[in-house]
Amino acid sequence: EAGVTQFPSHSVIEKGQTVTLRCDPISGHDNLYWYRRVMGKEIKFLLHFVKESKQDESGMPNNRFLAERTGGTYSTLKVQPAELEDSGVYFCASSQRQQTAPLHFGNGTRLTVT
Amino acid sequence: SQKIEQNSEALNIQEGKTATLTCNYTNYSPAYLQWYRQDPGRGPVFLLLIRENEKEKRKERLKVTFDTTLKQSLFHITASQPADSATYLCAPLYNFNKFYFGSGTKLNVKP
């Protein structure tokens, strides 16, 4: 099966600009997650979709971040306007419905805000 | 919020030895705990899951233990190989489908 794909793999933008990250989960996976790793720190939860519905968005840092999953397939994470502290690696993961189902991660998008 | 602690210092061991990595958590025990491996430039890859009521889980050269009294999970790799060199992450599951991740421990296996 095809894995989780993320696009772009790298993005360098200036402070104040907008960036949109995309995630294509494994087909059939209802759960989709966004995580972020800031340099040297742990991978932090941002939000969780079940199909097209936001199940938990408690990790979203502020209202500059907007995630969507129209149709319950791919997801986008938009940062507008970007700030320096938004730099990091953004990971998307998907899983099946079962609570014990493992997460399948993409290789991440490395975002650098200058 | 939950705090997950893993040794931030890299673990350096000789090939053939057993590597033991530690994951400590605060507050209440998770229902499940997963371990992942992450290589540079890649996303984490699932290795093992252990349930709250399980003391130990094995898969080939890997072994995970779960001690709810100590609030700790140990991850062992026996007969380690240079190919085992990577960062290992523990991820307890607390709320429905919400995993918290530790910062990971980097393992270096020297030939």
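Residues numbered from 1 in each chain as written. Chains lettered and ligands numbered in written order. Predicted model: local features only at pLDDT ≥ 70, side-chain atom pairs only at ≥ 80, totals over all residues. Heavy atoms only, no water.

1. Description of the packing of aromatic side chains
Where two aromatic rings form a pair, the distance of their centres and the angle of their planes describe that pair. Operational definition: Each Phe, Tyr or Trp ring (for Trp, its six-membered ring) is paired with any other whose centre lies within 6.5 Å, and the angle between the two planes then decides the class: stacked below 30 degrees, edge-to-face above 60, tilted in between. Helix and strand assignments follow DSSP, with helices taken as H or I runs no shorter than four residues and strands as E runs no shorter than two, numbered in order from the N terminus. For every residue, the accessible area (1.4 Å probe, protein chains only) is compared with the maximum for its type, and the residue is labelled buried under 20%, exposed over 50%, or partly exposed between those bounds.
If you walk through the whole model with that rule in mind, you get 13 aromatic pairs over all chains. Ring centres 5.7 Å apart and planes at 80° place the aromatic pair F105 of chain A and F101 of chain B in the edge-to-face group. Note that F105 of chain A is positioned in strand 10 (residues 104–105) and F101 of chain B in the loop between strand 10 (98–99) and strand 11 (105–110), a pairing that runs across two chains. The residues F105 of chain A and F101 of chain B share a single accessibility class, namely buried. Ring pairs connect the aromatic residues Y33, Y35, F45, F91 and F105 of chain A together with Y36, F46 and F101 of chain B, which therefore count as one cluster.

2. Some remarks on the sheet that holds strand 1 (residues 5–7) of chain A
Residue and element names in this part refer to chain A. What counts, and what does not: When DSSP finds two or more bridges between a pair of strands, those strands are recorded as paired. Angles run from 0 to 180 degrees between N-to-C directions of axes, and those axes are lines fitted to C-alpha atoms, restricted for helices to the stretch in contact.
Taken in spatial order, the 4 strands of this open sheet run 1-3-8-7, and their pairing is antiparallel. Edge positions in the sheet fall to strand 1 and strand 7 (65–68), since each has one partner strand and no second. For this sheet the average axis-to-axis angle between neighbouring strands, irrespective of direction, equals 15°.

3. Overview of the interface of chain B and chain A
Spelled out, the test is: Note on contacts: a residue pair qualifies if any of its non-hydrogen atoms lie within 4.5 Å across the two residues. Computed with a 1.4 Å rolling probe, the buried area is the accessible surface lost when two parts are put together, summed over both parts. Within this document, salt bridges are pairs made up of a side-chain nitrogen of Lys or Arg and a carboxyl oxygen of Asp or Glu, the two lying within 4 Å of each other. Counted as a polar contact is a pair of N or O atoms within 3.5 Å, where, for protein atoms, one must be capable of donating a hydrogen and the other of accepting one, and residues adjacent in sequence contribute only when both atoms are in side chains.
Each partner contributes residues to the interface: chain B has 20 residues there, and chain A has 23 residues. Both sides together, the interface formed by chain B and chain A hides about 1800 Å², and carbon and sulfur atoms give 54% of it. Here chain B and chain A share 0 salt bridges between them. Counting every contact that joins chain B to chain A gives 7 residue pairs in polar contact (both at pLDDT 80 or more). Mapped by element, the contributors of at least two residues to the side of chain B that touches chain A are strand 4 (32–38), strand 5 (45–51), strand 9 (86–95) and strand 10 of chain B. Of all the elements, strand 4 of chain B adds the most residues to the side of chain B that touches chain A, at 4 residues.

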